[in-house]
Amino acid sequence: MKNSVVIKGNKYGIMVILDKDIPFEELISDIIEKFKESSKFFGSASMAISFEGRKLTTDEERRILDIISEYSEIDVICVVDNDKKREEMFKEKVEQKVTDISSASGQFYRGTLRSGQVLECESSVVILGDVNPGAKIISTGNVVVLGALKGIVYAGITGDASSFVVALEMNPVQIRIGDVIARCSDNKSILKKKKNKPETKIAFVEDDNIYIEPLNKDVLSDLQF
């Protein structure tokens, strides 16, 4: 087992190098033992994973991912494909889809908004990054932050109270949706919550108040889009 399964860190997360010669069922036992041994080291980290050294079928890859989930606390966010041709094709399709969505119903901004920066959009906007304290987003539609929201955000700025704000980490200084405004508490201790994993939340207007709740199917079904 010592050399049949090797785990290495790379720029994506971890790389699992598998022996190409031993039977797959024997390899499965080695993978279980390896991830049992490594579980404390990796903890509950979220990371990408890639497989090297052995060509895997879709079913074999799925079995290995199930093992990683069962015998460790690693949160596998994606599997990195090492097939360059397939990777380029996938990249092209994704970029085309992003372009189609952006032109049809909103805009995308890639990168972190830093203190003093203001992003104004005449449509809904998706931020692929963080919004730091001192930064501001102003949108006529919805705002989705795929990162930490710690600045100021105005959604539905023309008075559309049906707009909403979503963030992977919701901790803004101020939120305005339509004509309704809410500010965070000035008590800094409230901002320093327990160091749990950030929870995706959504802010929306109901009865002239802004509510911030965990994002789930029940909340989404109650909103009018």
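Preceding this section is the structure that the text describes.
Below is a short write-up of the structure. (Residues numbered from 1 in each chain as written. Predicted model: local features only at pLDDT ≥ 70, side-chain atom pairs only at ≥ 80, totals over all residues. Heavy atoms only, no water.)

1. Points about the overall build of the protein
Okay, so step 1: Assigned secondary structure in the protein consists of five helices and 15 strands.
Okay, so step 2: Burial analysis of the protein (225 residues in total) assigns 34% to the buried set.
Okay, so step 3: Of the contacts formed within the protein by residues at least 6 apart in sequence, a portion of 35% connects residues at least 24 apart.
Okay, so step 4: Roughly 14,200 Å² of accessible area belongs to the protein as shown, and the carbon and sulfur atoms make up 49% of that amount. (Helix = DSSP H or I, 4+ residues; strand = E, 2+ residues; numbered from the N terminus. Buried < 20%, exposed > 50% of the residue type's maximum accessible area, 1.4 Å probe, protein only. Contact = heavy atoms within 4.5 Å. Areas by Shrake-Rupley, 256 points an atom, 1.4 Å probe, with all protein chains shown as cover.)

2. A closer look at helix H1 (residues 24-42)
Okay, so step 1: Considering bend angle alone, the principal kink of H1 is centred on Lys36 and spans about 30 degrees.
Okay, so step 2: For H1, every residue scored as buried is listed here: Phe24, Leu27, Ile28, Asp30, Ile31, Ile32, Lys34, Phe35, Ser38 and Phe42. (Bend = angle between axes of the 7 residues up to and from the residue.)

3. Remarks on the sheet that holds strand S13 (residues 180-183)
Okay, so step 1: Read across the open sheet, the five strands follow the order S6-S8-S10-S12-S13; overall the sheet is mixed. Looking at strand neighbours, the two that pair on one side only are strand S6 (118-121) and S13, the edges of this open sheet. Looking at each pair of strands side by side, their axes are set apart by 5 degrees on average, direction ignored. (Pairing = 2+ DSSP bridges. Axes fitted to C-alpha atoms, helices over the stretch in contact; angles between N-to-C directions.)

4. Here's the deal with the side chain of Ser38
Okay, so step 1: Mapped onto the secondary structure, Ser38 falls in helix H1.
Okay, so step 2: Judged by relative accessible area, which is 13%, Ser38 ranks as buried.
Okay, so step 3: Of the polar contacts made by the side chain of Ser38, one reaches the backbone oxygen of Lys34; its length is 2.9 Å. (Polar contact = N/O pair within 3.5 Å; in protein donor to acceptor, adjacent residues only side chain to side chain.)

5. Re a nonpolar patch on the surface
Okay, so step 1: A surface patch of nonpolar side chains, about 220 Å² in accessible area, is lined by Leu128, Leu146 and Leu168.
Okay, so step 2: Locating Leu146 in the fold gives a position in strand S9 (residues 143-149).
Okay, so step 3: Exposure remark for Leu146: the relative accessible area of 42% places this residue in the partly exposed category. (Patch = residues over 30% accessible without salt bridge, like charges linked within 9 Å, V, L, I, M, F, W, Y side chains within 5 Å. Salt bridge = Lys/Arg side-chain N within 4 Å of Asp/Glu carboxyl O.)

6. Some thoughts on the packing of aromatic side chains
Here a ring pair, both rings aromatic, is described through the centre-centre distance and the interplanar angle of the planes.
Okay, so step 1: For the structure shown, the criterion picks out one aromatic pair.
Okay, so step 2: Over the ring of Tyr154 we find Arg176; its NZ or CZ atom is 5.9 Å from the centre of that ring. (Phe/Tyr/Trp six-rings, centres within 6.5 Å; stacked < 30°, edge-to-face > 60°. Lys NZ or Arg CZ within 6 Å of the ring centre and 35° of its normal.)

7. Considering unusual backbone geometry
Okay, so step 1: Located in the positive-phi region is Asp207, a residue other than glycine, with phi close to 55 degrees.
Okay, so step 2: Tracing the backbone shows Asp207 in the loop between strand S14 (201-206) and strand S15 (209-214).
Okay, so step 3: By relative accessible area, Asp207 is classed as exposed at 62%.

8. Comments concerning the environment of Leu65
Okay, so step 1: In this structure, Leu65 sits in helix H2 (residues 58-71).
Okay, so step 2: Assessed through its relative accessible area of 22%, Leu65 is described here as partly exposed.
Okay, so step 3: Leu65 sits 11 residues away from Val76 along the chain, and the two C-alpha atoms are 8.0 Å apart.
Okay, so step 4: Those residues in contact with Leu65, other than ones at most four positions away along the chain, are Ile49, Phe51, Val76 and Val79.

9. Some words on the pairing of S14
Okay, so step 1: Alignment of strand S11 (residues 164-170) against S14, held across four bridges, turns out to be antiparallel. Along S14, the bridge assignment pairs Phe164 with Phe204.
Okay, so step 2: Bridging between S14 and S15 involves six bridges; their strand directions are antiparallel. Bridging across to S15, Val205 finds its partner in Ile210.
Okay, so step 3: Turn length for the S14-S15 hairpin, with the two strands adjacent in sequence and antiparallel, is two residues, and the turn residue Asp207 shows positive phi of about 55 degrees.

Keep in mind these numbers describe shape, not what the thing actually does.
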